[in-house]
Amino acid sequence: MRWPRLAYSGALCLLSPVIWRRVWREQLVGRPRAERLGCLLPFADERPRLWLHCASVGEVVAARPLIRALRLRHPDHRLVVSTMTATGAERVASLAEDVPEAEAAAPLSHVFVALDFPGAARRFVQRLAPQQAIFFETELWPNLLNACVQQSIPVAVVNGRLSPRAFRGYRRLRPLMAQALSCVDWLAAKSRDDAERFIALGMAPQNIQVVGSMKFDMTVDPASQVVSERLHAAIGHRPVWVAGSTHPGEDEQLLEVHRRLLERFPDALLVLVPRHPQRFDDVAELCREAGFDTVRRSRGRVPSARVHVYLGDSMGELQALYGCADLAFVGGSLVPIGGHNLLEPAMMGVPVVTGPHLENFADVAQALRDAAALVEVADAEELSERVAALLEDGEQRQRLSEAGQHVLDTHRGALDATLDGLDALIDARSSERARELTPAVDD
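Residues numbered from 1 in each chain as written. Predicted model: local features only at pLDDT ≥ 70, side-chain atom pairs only at ≥ 80, totals over all residues. Heavy atoms only, no water.

**Q** Hey, could you run me through the overall build of the chain in this one?
**A** Secondary structure summary: the chain contains 18 helices and 14 strands in total. The C-alpha radius of gyration of the chain comes to 23 Å, within 12% of the 22 Å expected for a compact globule of 443 residues. Across the chain, contacts joining residues at least 24 apart in sequence account for 72% of those joining residues at least 6 apart. Put simply, the chain shows about 19,200 Å² of open surface, and 51% of that area lies on carbon and sulfur atoms. (Helix = DSSP H or I, 4+ residues; strand = E, 2+ residues; numbered from the N terminus. Rg over C-alpha atoms; globule rule 2.2 N^0.38 Å. Contact = heavy atoms within 4.5 Å. Areas by Shrake-Rupley, 256 points an atom, 1.4 Å probe, with all protein chains shown as cover.)

Structure (structure tokens):
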């Protein structure tokens, strides 16, 4: 039954002018836009390749433990990480030196993933020619997946998650999703609920394994730790709270919360980090219009005592910025986005505060909630009260910090299970090909 994918491809063609305008902005200087059509440049060597696809910078950050482990586990390969966005590409580049020099590791490359037009997807997979295709979380592109099947490339989905909202949307396209999921040989789900949603969309139950969330296997980046410590020393002894991964409609509320906090803590500093770089200038203007003395991180300046807001408009530094604060609010949760990674601040030993919208990270939120390691607020008014209370109570902050660290320690293990599953998938496919190539022997 090919019609769902054919209809999908036809819809993409009709929308191609809109899609191309969107992609035109997501580019790096010196990189050919032809990559978006699957026209990849030759690689520097003939090593066998592993391919990992991540949507953007958030997925690259979450996949960092997997990227590092794959490079160490397969030093004779080349790991190729693809992204859709330029910020994701920059984050991949920053991970090139993420392995100690003393350890043998696979070289790391980045490519922009081809747009999911049939010809572009087929050309991309043919030229990349990976030994294995790994899709991170919910990156299910029907034509790319089909191209992998046509080239007999084993396909895995890792850290697989499907929020209730995403599930409702995909369910309207169930024939297409069932066709796409039929191309997946193995899916490592974050939770039983995620697994059941994938099965409801047509995934074969025998091809799913619940391994937990790989986000619990995140580790502190040593470079981020150094930046965090230097920044903390430069800021000095003043109340500091971070609002990370914020969205439109949320920044305004957070600035108003900070205005109220300044009435009780005149030297308080808000480190405001918008989720998307295209909003950096707009949020800087929003801060100025609100009357706050604001310094931008990208300008290389450290906030003086008179600065009220420090705008985190540099890429790849959210972890370091979380680490310099007394507490952290994780954005995308005061507005109906579904939340962002609650474990990044917890990993840095910082108490975690969130709004009510946590659909995208329900499993992580529940683990933190069960350990009393999460402060949840209903709205901006409650947020101002809870932040003020935490800034006044060092013992409570310390308890939340320790509880968050405990959650990370007790939920690790998804990475090892994922690596074992990926190895088993390659071994199974290798054995299958060996049988196909072995001539039959007559008795």
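**Q** What am I meant to see in the environment of Ala93 here?
**A** Looking at the element boundaries, Ala93 is found in helix α4 (residues 86-94). With relative accessibility at 54%, the residue Ala93 sits in the exposed group. (Buried < 20%, exposed > 50% of the residue type's maximum accessible area, 1.4 Å probe, protein only.)

**Q** When you look at the packing of helix α1 (residues 3-14) against helix α8 (residues 174-181) in this model, what are you seeing that I'm missing?
**A** Think of two packed helices as two axes; the pair is described by the angle between the axes and how far apart they sit. With their axes 8 Å apart at the nearest point, α1 and α8 run at an angle of 110 degrees to one another. It follows from the interaxial angle that α1 and α8 lie roughly perpendicular. On α8, the residues touching Trp3, Pro4, Arg5 and Tyr8 of α1 are Pro175, Leu176 and Gln179. Classifying every residue of the contact of α1 with α8 gives 5 nonpolar, 1 polar and 1 charged. (Axes fitted to C-alpha atoms, helices over the stretch in contact; angles between N-to-C directions. Parallel < 35°, antiparallel > 145°, perpendicular 65-115°, else oblique. Nonpolar A, V, L, I, M, F, W, Y, C, P; charged D, E, K, R; others polar.)

**Q** Sorry if this is basic, but what is going on with the packing of α1 against helix α2 (residues 16-25) here?
**A** Contact geometry of α1 with α2 gives a least axis separation of 5 Å together with a crossing angle of 65 degrees. As far as their axial angle goes, α2 and α1 are roughly perpendicular. Between α1 and α2, the residues in contact are Leu12, Cys13 and Leu14 and Ser16, Pro17 and Ile19, respectively.

**Q** Help me understand a positive patch on the surface in this model?
**A** On the surface, Arg165, Arg168, Arg171 and Arg172 cluster together to form a positively charged patch. Assignment of secondary structure puts Arg165 in helix α7 (residues 164-171). (Patch = residues over 30% accessible without salt bridge, like charges linked within 9 Å, V, L, I, M, F, W, Y side chains within 5 Å. Salt bridge = Lys/Arg side-chain N within 4 Å of Asp/Glu carboxyl O. Lys, Arg positive; Asp, Glu negative; His and termini not counted. Charge placed at Lys NZ, Arg CZ, Asp CG, Glu CD.)

**Q** Looking at this structure, how should I read the sheet that holds strand β9 (residues 269-274)?
**A** Taken in spatial order, the 7 strands of this open sheet run β10-β11-β9-β8-β12-β13-β14, and their pairing is parallel. What marks the edges here is a single partner per strand, and that holds for β10 (294-296) and β14 (374-376). Across the sheet, the axes of successive neighbouring strands diverge by a mean angle of 25 degrees, strand direction being ignored. Both β9 and strand β11 (residues 309-311) contribute to a ladder of 3 bridges, which runs parallel. Paired with Leu270 across the bridge in β11 is Val309. (Pairing = 2+ DSSP bridges.)

**Q** Quick question: what am I supposed to make of the pattern of salt bridges here?
**A** Pairing of side chains with opposite charge becomes possible as their charged atoms draw close. Under the definition given, this model contains 22 salt bridges. Residues Glu376 and Arg369 are paired through a salt bridge, measuring 2.8 Å at the closest nitrogen-oxygen approach. Classification of Glu376 by relative accessible area gives partly exposed; the value is 31%. It is possible to trace a salt-bridge network through shared partners that takes in Asp45, Arg47 and Arg78.

**Q** Honestly, the pairing of strand β6 (residues 186-189) in this entry has me stumped. Any pointers?
**A** It is a general feature of regular strands that their side chains alternate between the two faces of the sheet. Here β6 shows no split at all, with Trp186 and Ala188 on one side and Leu187 and Ala189 on the other all buried. Strand direction decides the pairing type here: strand β5 (residues 155-160) and β6, joined by 3 bridges, are parallel. Across the sheet, Val157 pairs through a bridge with Leu187, a residue of β6. Pairing analysis gives 3 bridges linking β6 to strand β7 (residues 208-210), with the strands arranged parallel. Counterpart to Ala188 in the pairing with β7 is Gln209. With respect to chirality, the unit in which β6 leads through helix α9 (residues 192-200) into the neighbouring parallel β7 is right-handed. (Right-handed = clockwise from strand over helix to strand, strands pointing away.)

**Q** Would you mind showing me how to read α4 here?
**A** In an α-helix, one turn spans 3.6 residues, which is why side chains three or four residues apart end up on the same side. Those residues of α4 that fall on the buried side of the exposure criterion are Ala86, Thr87, Gly88, Ala89, Arg91 and Val92. Tucked into the core, α4 has its buried residues touching α3 (57-73), β2 (78-83) and β3 (108-112).

**Q** How should I be thinking about the pairing of β9 in this particular structure?
**A** In terms of residue burial, β9 counts as a mostly covered element, since 6 of its 6 residues are buried. Burial of the side chains of β9 extends over both faces: Leu269, Val271 and Val273 are buried on one face and Leu270, Leu272 and Pro274 on the other. Once the chain exits strand β8 (residues 240-246) it traverses helix α11 (residues 251-264) before rejoining the sheet at β9, and the crossover so formed is right-handed.

**Q** Quick question: what am I supposed to make of the sheet that holds β3 here?
**A** Note on sheets: strands pair through backbone hydrogen bonds, and any given pair is parallel or antiparallel. What the 7 strands build is an open sheet, ordered β3-β2-β1-β4-β5-β6-β7; its pairing is parallel. In this open sheet, the two strands that pair with only one neighbour each are β3 and β7. This sheet shows a mean twist of 20 degrees between the axes of neighbouring strands, independent of strand direction. Note: strand β1 (residues 49-53) against β2, 5 bridges, orientation parallel. Pairing of His53 across the sheet is with Ser82, part of β2. Across the sheet, α4 touches β2 and β3, and the angle it forms with β3 is around 175 degrees.

**Q** Is there a simple way to think about the side chain of Ser401 in this case?
**A** Within the secondary structure layout, Ser401 lies in helix α17 (residues 394-410). Residues contacting Ser401, with those up to four places away along its chain left out, are Gly349 and Val350.

**Q** How should the packing of aromatic side chains be read in this particular structure?
**A** Note on aromatic pairs: each is described by the distance of the centres and the angle between the planes. Counted by the stated rule, this structure contains 2 aromatic pairs. Between the aromatic rings of Trp51 and Phe135, the centroid separation amounts to 5.2 Å while the plane-to-plane angle is 65 degrees, which identifies the pairing as edge-to-face. With Trp51 in strand β1 and Phe135 in strand β4 (residues 132-136), this pair connects stretches of sequence that are 84 residues apart. You'll find Trp51 and Phe135 in the same group, each marked buried. Here a set of aromatic residues connected by ring pairs shows up, and it is made of Trp51, Phe124 and Phe135. The ring of Phe361 carries the charged tip of Arg161 above its face, separated from the ring centre by 5.5 Å. (Phe/Tyr/Trp six-rings, centres within 6.5 Å; stacked < 30°, edge-to-face > 60°. Lys NZ or Arg CZ within 6 Å of the ring centre and 35° of its normal.)

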